[in-house]
Amino acid sequence: KEKIKSITVSSKYIAGLNSGGEFLDLKKGENQLVIFLSSTNSYVLSSFFLTLYEDLKCLSFIDHEKLKNIIKSNENSLNELLVKPDLKANVGIFVIDLVTYKIWGVNFGPLILKSNMNGIIKGNNYQISSENFSNSEISMQLKRGERILIVSPGYLMCAKDAFEEEDLLPFEILLLLH
């Protein structure tokens, strides 16, 4: 668990199920908390996204334009890595304004955000690109005491054998309450 200006972040995970894996990283910046999640099935892709996140960490403040520019400046390199159809890369980059507690960001892939007060933001099938940036944007105003559960693609993959899709979200709500 990590506590950053009245926001507590905790994560639970299982060991990697294939090469690549899922990564979660946090960065506290100028009145911002940035949450970066990636899920890949290739070590090369994992390294690529860790490098991309290091580029984001160098910025003192992240806004929509800076985030879109970093994605745009890296998309040709990413496309060169995604030449095989079986390679998968999903990314969620979320910025929480620590003054207004508004969360915004981009979600490229099946990752789900679930709130105990604001409902659900489901994932998508968009490729990571500047063209899909606006289609992949999310935004939510957080409230005092609100809990957000971020459900990774790896969790969804593991849970599909144990839950039917209509049963999965009520289970996740139980996780939000504990």
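Some thoughts on the sheet that holds strand S8 (residues 119-121)
Next, step 1: Here we have three strands laid out as an open sheet, ordered S8-S7-S10, and antiparallel in their pairing. Two strands in the sheet have a free side with no partner beyond their single neighbour: S8 and strand S10 (148-151). Here the strands of the sheet are splayed against their neighbours by 15° on average, with no regard to which way each runs.
Next, step 2: Across three bridges, the pairing between strand S7 (residues 112-115) and S8 is antiparallel. Its bridge partner being in S8, Ser115 is matched across the sheet by Gly119.

Things to note about the sheet that holds strand S9 (residues 137-141)
Next, step 1: Sheet architecture is open: five strands sit in the order S3-S4-S5-S6-S9, paired in antiparallel fashion. The open sheet is flanked by strand S3 (21-29) and S9, the only strands paired with a single partner. Across the sheet, the mean angle separating the axes of adjacent strands is 15° when strand polarity is ignored.
Next, step 2: In the sheet, strand S4 (residues 32-40) pairs with strand S5 (residues 89-97) via nine bridges, with the strands oriented antiparallel. Within S5, the residue paired with Gln32 across the bridge is Asp97.
Next, step 3: Sheet contacts for helix H1 (residues 43-57): S3, S4 and S5; angle to S3, the most-contacted strand, approximately 5°.
Next, step 4: Of the strands in this sheet, S5, strand S6 (102-108) and S9 are in contact with helix H2 (residues 64-81), which crosses S6 at around 15°.

Thoughts on the pairing of S6
Next, step 1: Judged by how many residues are buried, S6 sits mostly within the fold: six of seven residues are covered.
Next, step 2: Bridging between S5 and S6 involves six bridges; their strand directions are antiparallel. Looking at the pairing, Ile96 lines up with Ile103 of S6.
Next, step 3: Between S5 and the antiparallel strand that follows it, S6, lie four residues; Tyr101 among them carries a positive phi value of about 60°.
Next, step 4: Both S6 and S9 contribute to a ladder of five bridges, which runs antiparallel. Bridging from a neighbouring strand, Trp104 pairs with Ser139 of S9.

The rules behind these values
- Residues numbered from 1 in each chain as written.
- Predicted model: local features only at pLDDT ≥ 70, side-chain atom pairs only at ≥ 80, totals over all residues.
- Heavy atoms only, no water.
- Pairing = 2+ DSSP bridges.
- Helix = DSSP H or I, 4+ residues; strand = E, 2+ residues; numbered from the N terminus.
- Axes fitted to C-alpha atoms, helices over the stretch in contact; angles between N-to-C directions.
- Contact = heavy atoms within 4.5 Å.
- Buried < 20%, exposed > 50% of the residue type's maximum accessible area, 1.4 Å probe, protein only.

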